[in-house]
Amino acid sequence: MSEIKIVDNEVFTLDKPENYSGLYLPVANEKGLKSSVTPNFGGDAKLNQNAFLLEPVSEINLHNNRSVRNIWVNVDGKGVWSAVGASAEEENKKFTEEQDKSRITAGFMWQTVTRESTKYGLEAAVTDFSPVESDVEIMHVKLTNKSGSVQMITPTAAIPVYGRSADNIRDHRHVTAMLQRISTFKNGVVVKPTLSFDERGHKKNDLSYFVCGVSGKGEAPKDFYPLVDTFIGEGGTLTRPYVVVKNIPGVPAGSTAEGKEAMGAFRFETCTLLPGESAEYTIVMGITADAEVPAKVISLYDSTAKVQKALEELKSYWNEKVNVSCSTGNKSMDSLMKWVSFQPFLRRIYGCSFLPHHDYGRGGRGWRDLWQDCLSLLIMDPKDVRSMIVNNYGGVRIDGTNATIIGSKPGEFIADRNGIARVWMDHGVWPFITTLLYINQTGDVDVLKEKVPYFKDEQCMRGTELDKEWTSDYGVKQKISDGKIYEGTIFEHILLENLCAFYEVGEHNHMRLRGADWNDALDMAAVRGESVAFTAAFAGNLKQIADLLLTLKNEYGWKNVTLLDSIKILISDNTDYDNVSAKKFKLVEYLSACRHNVSGKTVDVSIDELASDLNKKSEWIMDHIRKTEWISGKDEGWFNSYYDNDGQAVEGYNELGVRMMLTGQVFTIMSGTALEDQVKDICKSADKYLYKKEIGGYRLNTNFHEEKYNMGRMFGFAYGEKENGAVFSHMAVMYANALYQRGFAKEGHKALNTLAQTALNFETSRIYPGIPEYFDAKGRGLYHYLTGAASWFLLTYVTEVYGVKGEYGKLTVSPKLMAEQFDSDGNSSIRLSFAGKKFQVTVKNPQKKDFGEYKVVSASCDGKNLFTVENGIAKMDMATLDSLDKNKLHTVEVEVE
């Protein structure tokens, strides 16, 4: 059994990586091309759903697909060898002593696989990456003669070009091959289909798909094999291609072909290698609308020096971007944190699609994804977050719901990727959480006064009815009766998201589940389903909004907030909150007032009145949940999280076994709904019923032993898979975050550390460094890289574990580190940026005490007393922060005892 070894920071190695299923690395830049690359250089490459350079792959294709980025070497007198290990011969030798020696070395957006064949006396070092400056993928190949004699080699690059939409995998695959127009030029093969095929409406195609190459000496290929069928030959395969085996000449540059599956294959001149001598080759592939690009781009990388320069630029670029790093004395954990910090950037590039496990959707991110990814950007790359926040509040409807998919342009929204009118009841929670973090990190309270429009489409009355007056001519921005676009403050948007949710309740007086909440798989309880979990989350929001208002009054002199007049219906009313019908009536009254257009008239509401109203609502929710949803047992207890479509509580002591879900515990703890003794009981219960150390820690739920068709598709999954009882990283990390916020650092550390150690245990997780979406019933990490868990893990580590966070623009430090997180000298450090300044914060705990046994007694910056310390919290004010040199790394030392 091989193991992953950390070389330095994010760089790791793994021997014989092809012996482990499902491994792949994301390789991309920020210009458009997105690839996945396996140890054998399988995977795919694409711009979007409709433009795939290489054939689209799902996880299952990684082991059954022969279509890879191959480099064949015809070794004179010995046979043919695949430099990437993708040959029928090498597959036959797998798991035997004759298997090639191989090792992957990888970092952010690059991998190098070295492979040595005893039989052929050759070593290949194949590096794959996407350069920062060009929208292409590069393979650089170095072939070295490891034998004791002179060898003659003939290399052939062989990359099948798919060149069309992912939809055509099953929809007219053969017919769309007839559209292919293929040509060869001096350095490679270009494929330009005539049409983008779609029976709903074909379109003229403007994209070219290309694969080109050059030797390390600047020499172009000798000849070309532009068609799959002629390359593999009659009865041949991509792992045993006829023309390579027989060393048959290809066609010259300037040749054309059409109507067949395309092949980006070409042969270089035969090369003589002395013992120890090397030959190098570069393959460049991409997609472009500019016909001149293929010929031009090869000149940018036509020497080994140019390729190496581009690779070093790539490494420097991503290391500068991923500017959070930890030093705890645990090299593996510190490296994992680098990868976790990198993962939110992958979400920005790939969305929630376009990696092999993420074989759903058509690209882009959803509403929830955007706001949660902003959490990590506020830690690492905050400069554009303000504009992102402002633009994306434009996706909120006047009824407090929102567009579910963010378009490709800032402030662009559509209703749903599948055209389905669906409301996720949790969506109103996340924007305020992100905005409050932004305000605390920056001190920019004025962002709340920014005016933005509301999204408008056919949905109205919180998605329960259609606005028959709306047409596409109306546009997608809410209007006043006179036809002008209405704009409200960001604060008004926040208020509506939370107030409307408060009144939309089910028969048990908790907020309706609707289409689902955070758990998308709770999607079969739209009529009578209720989410106690997110009702608690909204209660936390309402309380924090009230606290924010009082700070704005006391610290910034705000007296009133200006709101759309109809919102007064939802404020300071005399509604009996215990009366479900009365609450529904109040909501309908408001929704009816803004069904199509709004009045555009505004009123000023005093801070005191509004804060009091929000606190009243928050307290009512929390008290109601405590009274009605607490499940009590002997020395244990937890909250019921949901009601199903039959109106029955989902959790409790059932004849089929104990039913407990983690989600309800997370948000009752995080919001403050759970009292301190209840938090202790929840921890006991979670440890007893949900925790399984060997597979990652806290599972999402116990086994219900029932296919609950009255709750959601999750209960149709096998237990331990995805939402049905897997260790779902996102919720496990939020559980840790909630515990840290409430001062239960030991319990929070247990949740985070178990997750991290499982990810790092390659024998169990079988993933490269990072946090996957979930660990299955055996502890294998699945759906790697693209998960909101990474943002929450980073946020928790920075703001809770190290306790480095903002407080209305001030820098505060209040660590909650455990003894094991300090090195042998009692130090634990984190490097990060705050307020545009670079800091290395070192917590000094020479006695290696646990959290709870120490408190902050002093703090310095660059050896100067620039902090104040009160109640165990070190603070630096904004004026002092502003005076610091933005180009210098500032050393902060925090003494605890």
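Residues numbered from 1 in each chain as written. Predicted model: local features only at pLDDT ≥ 70, side-chain atom pairs only at ≥ 80, totals over all residues. Heavy atoms only, no water.

Visitor: Looking at this structure, I do not really get the overall build of the protein chain. What am I missing?
Guide: Across its full length, the protein chain holds 22 helices and 51 strands. Relative to the globule expectation of 29 Å for 897 residues, the C-alpha radius of gyration of the protein chain, 29 Å, shows essentially globular dimensions. The 897 residues of the protein chain split such that 61% are buried. The contacts of the protein chain with a sequence gap of at least 6 include a subset with a gap of at least 24, amounting to 70%. Carbon and sulfur atoms form 47% of the exposed surface of the protein chain, whose accessible area is close to 33,800 Å². Looking at charge distribution, the protein chain has the averaged site of its 104 positive side-chain charges lying 2 Å from that of its 119 negative ones. (Helix = DSSP H or I, 4+ residues; strand = E, 2+ residues; numbered from the N terminus. Rg over C-alpha atoms; globule rule 2.2 N^0.38 Å. Buried < 20%, exposed > 50% of the residue type's maximum accessible area, 1.4 Å probe, protein only. Contact = heavy atoms within 4.5 Å. Areas by Shrake-Rupley, 256 points an atom, 1.4 Å probe, with all protein chains shown as cover. Lys, Arg positive; Asp, Glu negative; His and termini not counted. Charge placed at Lys NZ, Arg CZ, Asp CG, Glu CD.)

Visitor: Any chance you could explain the sheet that holds strand S51 (residues 889-896) here in plain terms?
Guide: Hydrogen bonding along the main chain pairs the strands of a sheet, whether they run parallel or antiparallel. Read from one edge to the other, the open sheet built from five strands follows the order S24-S46-S47-S51-S48, with strand pairing classed as mixed. Looking along the sheet, the strands with just one partner apiece sit at the ends: strand S24 (325-327) and strand S48 (856-861). Sheet twist, expressed as the mean angle between neighbouring strand axes with direction ignored, is 20 degrees. Two elements, strand S46 (residues 827-834) and strand S47 (residues 837-844), share eight bridges in a ladder whose sense is antiparallel. Residue pairing across strands places phenylalanine 834 opposite lysine 837, the latter belonging to S47. (Pairing = 2+ DSSP bridges. Axes fitted to C-alpha atoms, helices over the stretch in contact; angles between N-to-C directions.)

Visitor: Help me out: how do you make sense of the layout of surface pockets in this one?
Guide: Rolled over the atoms, a probe sized like a water molecule indicates the empty space that remains. Computed from the structure, the largest pocket encloses a volume of approximately 1,200 Å³. Lining the largest pocket are 37 residues, and of these Leu436, Gln544, Gln741, Glu800 and Lys805 sit closest to its centre. If one sorts the elements of the lining of the largest pocket by residue count, helix H13 (residues 532-556) sits on top with eight residues. Split into classes, the residues belonging to the lining of the largest pocket amount to 12 nonpolar, 16 polar and nine charged. (1 Å grid on protein atoms, 1.4 Å probe; cavity = no way out; pocket = protein on both sides within 12 Å on 5 of 7 lines; lining within 4 Å. Points joined across faces, edges and corners; volume = space filled by probe spheres on them. Nonpolar A, V, L, I, M, F, W, Y, C, P; charged D, E, K, R; others polar.)

Visitor: Quick question: what am I supposed to make of the packing of aromatic side chains here?
Guide: Working definition: an aromatic ring pair is given by the centre-to-centre distance plus the angle between the planes. Taken as a whole and assessed by the stated rule, the structure comprises 42 aromatic pairs. Between tryptophan 630 and phenylalanine 639, the aromatic rings sit 4.8 Å apart at their centres with planes inclined by 70 degrees, giving edge-to-face as the arrangement. Here tryptophan 630 falls in the partly exposed class, since its relative accessible area comes to 22%. The class for phenylalanine 639 is buried, based on a relative accessible area of 0%. (Phe/Tyr/Trp six-rings, centres within 6.5 Å; stacked < 30°, edge-to-face > 60°.)

Visitor: So what exactly am I meant to see when it comes to empty space enclosed by the protein here?
Guide: What the rule picks out here adds up to seven cavities of 30 Å³ or more. Of the residues that constitute the lining of the largest cavity, the class distribution is five nonpolar, six polar and five charged. By volume, the second largest cavity is sized at about 70 Å³.

Visitor: Even after reading the chapter, I still don't get the side chain of threonine 434, so can you show me in this structure?
Guide: Of note, threonine 434 is situated in helix H11 (residues 430-442). Judged by its relative accessible area of 1%, threonine 434 falls in the buried class. In this view, threonine 434 contacts Trp371, Gln372, Cys374, Leu375 and Leu378; residues no more than four positions away in its chain are not counted.

Visitor: I would appreciate a short explanation of the pattern of salt bridges in the present structure.
Guide: Close approach of charged atoms allows side chains of opposite charge to pair. Counted according to the given criterion, the structure contains 54 salt bridges. Where aspartate 467 meets lysine 456, a salt bridge forms, and the shortest distance between an N and an O atom there is 2.8 Å. Taken together, the positions of aspartate 467 in the loop between strand S29 (465-466) and strand S30 (487-489) and lysine 456 in the loop between strand S27 (451-453) and strand S28 (459-460) put the pair 11 residues apart, joining distant regions of the chain. Across the pair, exposure class does not vary: aspartate 467 and lysine 456 are buried alike. Several salt bridges converge on common partners, so that one network encompasses Glu30, Lys321, Arg348, Asp381 and Lys383. (Salt bridge = Lys/Arg side-chain N within 4 Å of Asp/Glu carboxyl O.)

Visitor: Got a minute to help me understand helix H8 (residues 331-350) in this structure?
Guide: Each α-helix winds once per 3.6 residues, and so residues spaced three or four apart point in a common direction. With 20 residues, H8 extends 28 Å between its outermost C-alpha atoms, agreeing within 8% with the 28 Å of an ideal straight helix rising 1.5 Å per residue. Its axis deflected by about 25 degrees at proline 344, H8 carries its strongest bend there. H8 sits mainly inside the fold: 17 of its 20 residues count as buried. Between the side-chain oxygen of the N-cap and the backbone nitrogen of serine 332 there are 3.3 Å, and the N-cap of H8 in question is asparagine 330. Trailing H8 by a residue or two, glycine 351 shows a phi angle of about 65 degrees, which is positive. (Expected span 1.5 Å × (residues − 1). Bend = angle between axes of the 7 residues up to and from the residue. Polar contact = N/O pair within 3.5 Å; in protein donor to acceptor, adjacent residues only side chain to side chain.)

Visitor: What am I meant to see in the environment of glycine 364 here?
Guide: Counting through the fold element by element, glycine 364 comes out in the loop between H8 and helix H9 (367-380). Its relative accessible area of 34% is what places glycine 364 among the partly exposed residues. Taking the C-alpha atoms as reference, glycine 364 lies 24 Å from arginine 462; in sequence the two are 98 residues apart. With near-sequence residues (within four places) excluded, glycine 364 lies in contact with Gly351 and Cys352.

Visitor: Which parts of the structure should I look at to understand the environment of alanine 421?
Guide: Note on placement: alanine 421 falls in the loop between strand S26 (413-414) and H11. Looking at alanine 421, the relative accessible area reads 53%, which means it is exposed. Alanine 421 sits 38 residues away from glutamine 459 along the chain, and the two C-alpha atoms are 7.4 Å apart.

Visitor: What's the story with the packing of H11 against H13 in this structure? I'm lost.
Guide: One way to put it is that H11 packs onto H13 with a least axis distance of 10 Å and a crossing angle of 35 degrees. Note that H11 runs across H13; the crossing there is left-handed. Every residue of H13 that contacts H11 at Trp430, Phe432, Ile433 and Leu436 is listed here: Phe534, Asn541, Gln544, Ile545 and Leu548. Along the lines of polarity and charge, the residues of the contact of H11 with H13 split into seven nonpolar, two polar and no charged. (Left-handed = near helix turned anticlockwise from the far one by under 90°.)

Visitor: I would appreciate a short explanation of the packing of H13 against helix H16 (residues 662-671) in the present structure.
Guide: Each pair of packed helices can be summarised by the angle the axes make with each other and by the distance between the axes. Relative to each other, H13 and H16 sit at 15 degrees, their axes nearing to 8 Å. Our classification of the angle between H13 and H16 gives roughly parallel. The two elements H13 and H16 cross, and the hand of that crossing is left-handed. Contacts from Ala533, Phe534, Ala536, Ala537 and Gly540 of H13 reach H16 at Thr663, Gly664, Phe667, Thr668 and Ser671. Looking at side-chain class alone, the contact of H13 with H16 contains five nonpolar, five polar and no charged residues. (Parallel < 35°, antiparallel > 145°, perpendicular 65-115°, else oblique.)

Visitor: What is the right way to read H13 from this model?
Guide: Taking 1.5 Å per residue as the helical rise, H13 with its 25 residues ought to reach 36 Å, and the 35 Å between its terminal C-alpha atoms agrees with that figure. Glycine 557 lies just past H13 and shows a positive phi near 80 degrees.

Visitor: I keep staring at the environment of aspartate 604 and nothing clicks. Help me out?
Guide: Mapped onto the elements of the fold, aspartate 604 is located in strand S33 (residues 602-606). Once the C-alpha coordinates of aspartate 604 and threonine 562 are considered, the two residues, 42 residues apart in sequence, prove to be 4.5 Å apart. Dropping the residues within four chain positions of it, aspartate 604 is found in contact with Asn560, Val561 and Thr562. Within the local environment of aspartate 604, its side chain forms a polar contact with the side chain of threonine 562, the two groups lying 2.7 Å apart.

Visitor: Could you clarify how one ought to interpret the sheet that holds strand S44 (residues 804-807) in this entry?
Guide: The strand order S44-S45-S50-S49 describes an open sheet built from four strands, whose pairing is antiparallel. Each having just a single partner strand, S44 and strand S49 (868-870) make up the two edges of the open sheet. Ignoring strand direction, the axes of neighbouring strands in this sheet form an average angle of 30 degrees.

Visitor: Honestly, the pairing of strand S9 (residues 101-107) in this entry has me stumped. Any pointers?
Guide: A regular strand places its side chains on the two faces of the sheet in alternate fashion. Bridge analysis of strand S2 (residues 11-15) against S9 gives four bridges, and the strand direction is antiparallel. Bridge assignment links leucine 14 to a residue of S9, and that residue is isoleucine 104. Two strands pair when backbone bridges link them, and S9 and strand S10 (residues 110-117) are joined in this way by seven bridges, in the antiparallel orientation. Note on S10: the bridge partner recorded for alanine 106 is glutamine 111.

Visitor: Teacher, can you tell me more about the nonpolar core here?
Guide: Side chains of nonpolar character tend, in soluble globular proteins, to be buried together. Ranked by size, the top nonpolar core spans 278 residues in total, and within it Ile283, Leu448, Tyr590, Phe667, Tyr735, Phe793 and Phe839 carry the most contacts. The element contributing the most residues to this core is H13, with 13 residues. In contact with isoleucine 283, other than residues within four places in its own chain, are Ile71, Glu137, Ile138, Met139, Ala157, Ile159, Val211, Cys212, Gly213, Phe266 and Phe268. Listed in part, the 12 residues of the second largest apolar core include Trp72, Tyr225, Val228 and Val243. (Core = buried A, V, L, I, M, F, W, Y, C linked by side-chain atoms within 4.5 Å.)

Visitor: Just checking my understanding: could you explain the state of the cysteines for this structure?
Guide: Disulfides are covalent bonds that connect the sulfur atoms of two cysteines. Under the defined criterion, the tally for this structure stands at zero disulfides. Left unpaired, cysteine 352 is separated from the closest cysteine sulfur, that of cysteine 374, by 14 Å. Overall, the relative accessible area of 13% leaves cysteine 352 in the buried class. (Disulfide = S-S within 2.5 Å.)

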